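# Fold and contact review
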Amino acid sequence: MRFFIFIIALMLSPYVWAEAYCGLRDPVAMISKLYPNYQSYRSIVRTIDARTRIKVSEQLPGMPLHFGELGRHTLYVIEAKGMTQGFVHVRSEQTRWGLVEIAWAIDLEMKIIDFQFQRCRHSDRKHLETPISRSVFQGKSLNGLMLLYDFNSNRPSTAYYEQVKHQGDLSDSVLKCAMKTLLVTQIVWQKELDSINQSLVNEVP
Amino acid sequence: MKIAVQSQMLVMSCFIISLLSFCVLGLQFYQSSQTQTELSQIEIEKGQINHLESMLGQWLTTVDLFFNNRQSYLVMGIERQGIQIKEKLKNLEFSQTHIAKPLTQLKNHMNSALPLVNQAAIVGPEETEEWLSLLKEIDSKTIRLIQEYESLKQQIKVLSDRKRDDFEAQKQQLVFSFITVTVFTVAILTLLGIWNSRRIIQPLTLLSSLSDNAAPSLSFDNAPLEIKTISQKLTSSFYNLAKEKRQAELANQKIEQQNLQLQDTIVRLEETRVQLVENEKLASIGQLAAGVAHEINNPIGYVMSNLETLEDYISDMKAFIEHANELKNKMPQLNVYSEQYDIDYILNDLPELLDSSHSGLKRVKTIVKDLRAFSHEVPNHIEEIVLKDLIEQTINLVRPSLPSTVSIHLNLNTMQTLHGSATKIAQVLINLMLNAADAITKQGTISISLFSENNVIKIFIEDDGCGMDAETQNNIFNPFFTTKPVGKGTGLGLHICLTIIKSHGGDISVSSEIDKGTCFTISLPILRNNDFYEDTLSSCQSSATKSIKARITGD
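Since we're looking at a predicted model, the values are computed, not measured.

The rules behind the values
Residues numbered from 1 in each chain as written. Chains lettered and ligands numbered in written order. Predicted model: local features only at pLDDT ≥ 70, side-chain atom pairs only at ≥ 80, totals over all residues. Helix = DSSP H or I, 4+ residues; strand = E, 2+ residues; numbered from the N terminus. Buried ≥ 20, exposed ≤ 12 C-beta atoms within 10 Å, placed from the backbone. Contact = placed C-beta atoms within 7 Å. Pairing = 2+ DSSP bridges. Axes fitted to C-alpha atoms, helices over the stretch in contact; angles between N-to-C directions. Expected span 1.5 Å × (residues − 1). pLDDT = per-residue confidence, 0-100. Core = buried A, V, L, I, M, F, W, Y, C linked by C-beta atoms within 7 Å. Parallel < 35°, antiparallel > 145°, perpendicular 65-115°, else oblique. Left-handed = near helix turned anticlockwise from the far one by under 90°. Nonpolar A, V, L, I, M, F, W, Y, C, P; charged D, E, K, R; others polar.

Take the overall build of chain A next. Within chain A, the secondary structure is distributed over nine helices and eight strands. Sorting the 205 residues of chain A into buried and exposed places 35% on the buried side. Pairs at least 24 apart in sequence give 65% of the contacts found in chain A among residues at least 6 apart.

A separate point is the overall build of chain B. From N to C terminus, chain B includes 13 helices and seven strands. For chain B, with 555 residues in total, the buried portion stands at 22%.

Looking now at helix 12 (residues 493–503) of chain B. All names here are of chain B. With respect to burial, helix 12 is a largely interior element, 10 of its 11 residues being buried. Within the sequence span of helix 12, burial applies to Gly493, Leu494, His495, Ile496, Cys497, Leu498, Thr499, Ile500, Ile501 and Ser503. Once helix 12 finishes, Gly505 follows within two positions and takes phi at roughly 75°, a positive value.

Side chains on a regular strand alternate between the two faces of the sheet. Residues and elements named next belong to chain B. Residues of strand 3 (residues 417–420) alternate between two faces, with Leu418 and Gly420 buried on one and Thr417 and His419 left unburied on the opposite face. Bridging between strand 1 (residues 383–386) and strand 3 involves four bridges; their strand directions are antiparallel. Following the sheet pairing, Ile385 is matched in strand 3 by Leu418.

Let us look at the pairing of strand 4 (residues 444–453) of chain B. Residue and element names in this part refer to chain B. In the sheet, strand 2 (residues 406–412) pairs with strand 4 via seven bridges, with the strands oriented parallel. Of the residues in strand 4, the one forming a bridge with Ile408 is Ile446. The turn joining strand 4 and strand 5 (residues 456–463), which pair antiparallel and follow one another in sequence, is formed by two residues; a positive phi near 50° is taken by Asn454.

Attention now goes to the sheet that holds strand 4 of chain B. Residue and element names in this part refer to chain B. Taken in spatial order, the five strands make up an open sheet running 2-4-5-7-6, and their pairing is mixed. Looking along the sheet, the strands with just one partner apiece sit at the ends: strand 2 and strand 6 (507–513). Averaged over all pairs of adjacent strands, the angle between their axes in this sheet comes to 15°, without regard to strand direction. The pairing of strand 6 with strand 7 (residues 517–525) spans seven bridges and is antiparallel. Of the residues in strand 7, the one forming a bridge with Ser509 is Thr521. Across the face of the sheet, helix 9 (residues 387–398) comes into contact with strand 2, strand 4 and strand 5 while running at roughly 165° to strand 4.

Here helix 1 (residues 3–69) of chain B contains 67 residues, and its C-alpha end-to-end distance of 97 Å stays within 8% of the 99 Å for a straight helix at 1.5 Å per residue. Directly beyond the C-terminal end of helix 1 of chain B, a positive phi value near 60° is found at Arg70 of chain B.

Further remarks concern the environment of His73 of chain A. Along the chain, His73 of chain A turns up in strand 3 (residues 71–80). Counting along the chain gives 26 residues from His73 of chain A to Thr47 of chain A, while the straight-line C-alpha distance between them is 6.0 Å.

This part takes up unusual backbone geometry. Residues and elements named next belong to chain B. The backbone of Asp342 sits at a positive phi, close to 55°, despite the residue not being glycine. With respect to the helices and strands, the residue Asp342 is situated in the loop between helix 7 (332–340) and helix 8 (343–374). The class for Asp342 is exposed, based on 11 C-beta atoms found within 10 Å.

Glancing now at the confidence of the model for chain B. Low pLDDT means the predicted coordinates in that region are not meant to be read closely. Residues and elements named next belong to chain B. Across chain B, pLDDT averages 83, with 88% of residues at or above 70. Here residues 551–555 is a poorly scored stretch, pLDDT under 50, and it has 12 contacts once near neighbours within four places are set aside; other chains count. The ipTM, which scores confidence in the relative placement of chains, is 0.80 for this predicted complex, and the corresponding pTM is 0.50.

By size, the foremost hydrophobic cluster in this structure holds 43 residues, and its most contacted members are Tyr76, Val88, Ala103, Trp104, Leu175, Ala178 and Met179 of chain A. Core analysis: the second largest hydrophobic core is formed by 37 residues, Leu390, Val398, Met433 and Cys497 of chain B among them.

Our focus in this paragraph is the packing of helix 3 (residues 50–59) of chain A against helix 8 (residues 169–188) of chain A. The angle between the axes and the distance between the axes are what describe a pair of packed helices. Residue and element names in this part refer to chain A. In the contact formed by helix 3 and helix 8, the axes pass within 10 Å of each other and the chain directions differ by 130°. Taken together, helix 3 and helix 8 sit at an angle that is classed as oblique. Here the hand of the crossing between helix 3 and helix 8 comes out right-handed. Together, Thr52, Lys55, Val56 and Gln59 of helix 3 and Lys180, Leu183, Val184, Ile187 and Val188 of helix 8 make up the contact between the two elements. Its residues assigned to classes, the contact of helix 3 with helix 8 shows five nonpolar, two polar and two charged.

Moving on, we get to the packing of helix 9 of chain B against helix 10 (residues 422–439) of chain B. Residue and element names in this part refer to chain B. Two elements in contact, helix 9 and helix 10, have axes whose closest approach is 10 Å; the angle formed by their N-to-C orientations is 50°. With respect to helix 10, the element helix 9 is oriented oblique. Handedness of the crossing formed by helix 9 with helix 10: right-handed. For the pair helix 9 and helix 10, the contacting residues are Leu390, Ile391, Thr394, Leu397 and Val398 in the first and Ala422, Ile425, Ala426, Leu429, Ile430, Met433 and Leu434 in the second.

Structure, rendered in structure tokens:
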């Protein structure tokens, strides 16, 4: 009983989340995995606030951002040969075995390139790390990912489970995490993305 | 063996079998209950382990939050949650016994992870390397912790499934054992019952059957001593009783049969009595007729004599009157008197009157003579009989009693004689003629024929009356057989006829057809040995009497 009271108190305390921070533990190692040819990266820290939360709840109904997900977050901009290659965005998703942290590699068209688990205690992890499972996400934009989710029943579609060849808590969380990541990136880092896209247009001869 | 001992054996056998059955079923039920208890315990523990999963999830989330946000206030909560999880792990008694390894590992990882949290709480923000190292280590420990938990969960599931399978198997085995033991017990008890039945009840049943019929072949070899003793005594008693009963029943049957015979005899005696009375009447009438005939015979004698004298006188008177007629011319007065008294007519009519009187007297004389002949005045003796004359005499006697609608036609072609009793033969002829007349209901003819061939004289008495059926023809000569109403016929007439004809060495037969008529044929041999007739007559008479007597007494 005391345990639950403590958990409820913890959830309701605003001070607990005051210093929310989400980023790569070892950015070099993780970015190397996601962008083997990268040369440099820079990080842009922005705050995910209540307005973002409202926009997310509008575009992804039934999948709101929790208060724990608010706060300061880092977007890594990956560069090589003076050109922006893409982005890395780390997001946490609560699962039954604690928080799962996934580093998402996103291209300039806001499509998923790949992903890596920064933290995942699930034994099912291996099912999501297979090339087949990865290919489900690779090249998918937000709209492409949304097609794999049934918003009426608020759960991934059967087609998604068939494609990733796994059905469970972790696979659900990974899909949700991917959609939220792309949307939040577009909302929160909109200016930076526009600037990068503009600079790319200008560089084209 | 005594009944008491056998009963005790039976009861003890039933008790032991029932006890064994109960023990077998009880043991299996106990095992099944134990398994069920263990299964319940495992299920409870499974629930606790599932709850542990949510506790671990929350604890890990708190740990992750702590390491992500570096909120040192969460450390106390993480520690308290960790203690509660460890308490929970301690309470998993069944798992500690049966799946100790993953549980112990889980505890160890928990114990090693908690200090890392406390250690991280005092790491300063600038010590990024140490922080990341601790973060990496806590992730590694918690991953192994989850692995151990999942192993624990898997093993408890396997254990639960195995126990459930065991329980289901034991349940099925229990049901099977119950059915088997029940069938076995019922079979054994049935066999014991049959054995008991054969030893006690069956002998008792057999004993009771002795009351219905004596059964000397009954075997009580295997029966108890009491039943053997009782059976020996009862067998003897029931045997005697049954024997006496059978004798009594036979005696009863005999008495009933004798009663029936007696009733029959009484009826026949009554009929015989009536017949005797009739015979007596006939004898009296015969004697009377004989007396009357004797008394009439004398006046007829002198009346006939007087008639002859009167004829002579009339002849003289007639001669005198013829002479007197010669004097009519001389004596006119005489002529007047002759006409006044119609003398001529008288003279003409007198011969006719005399003849008629003479003829009537002759007829009376014949009747008287015949009456005397048939009224037993003449003793039965063998004489030479002219059958043609005897038939005519008989017709003379019978004709007055025949109705006017019956005519008689004669065809008597032989003057052959035979030796015998004319009275008896006439009795036969009268009987047959009267029967023929009775058979003619309206108008008819009785034809009597007489022929002789090959030393046999045959008399056919035939009528065109109602006839007889085959059964009547077969029985018609049996004594007391009659088709006439009660009191009108005795049924002895034709039997006596047959006896008489047989006594003359002859035979009598009948042929008849319904609504066409009947023909009796009498065959008589032409023999001249007087001794034969007398012997056969007397012997046949006695045999006829015996036959009638036999019919009366029923012997």
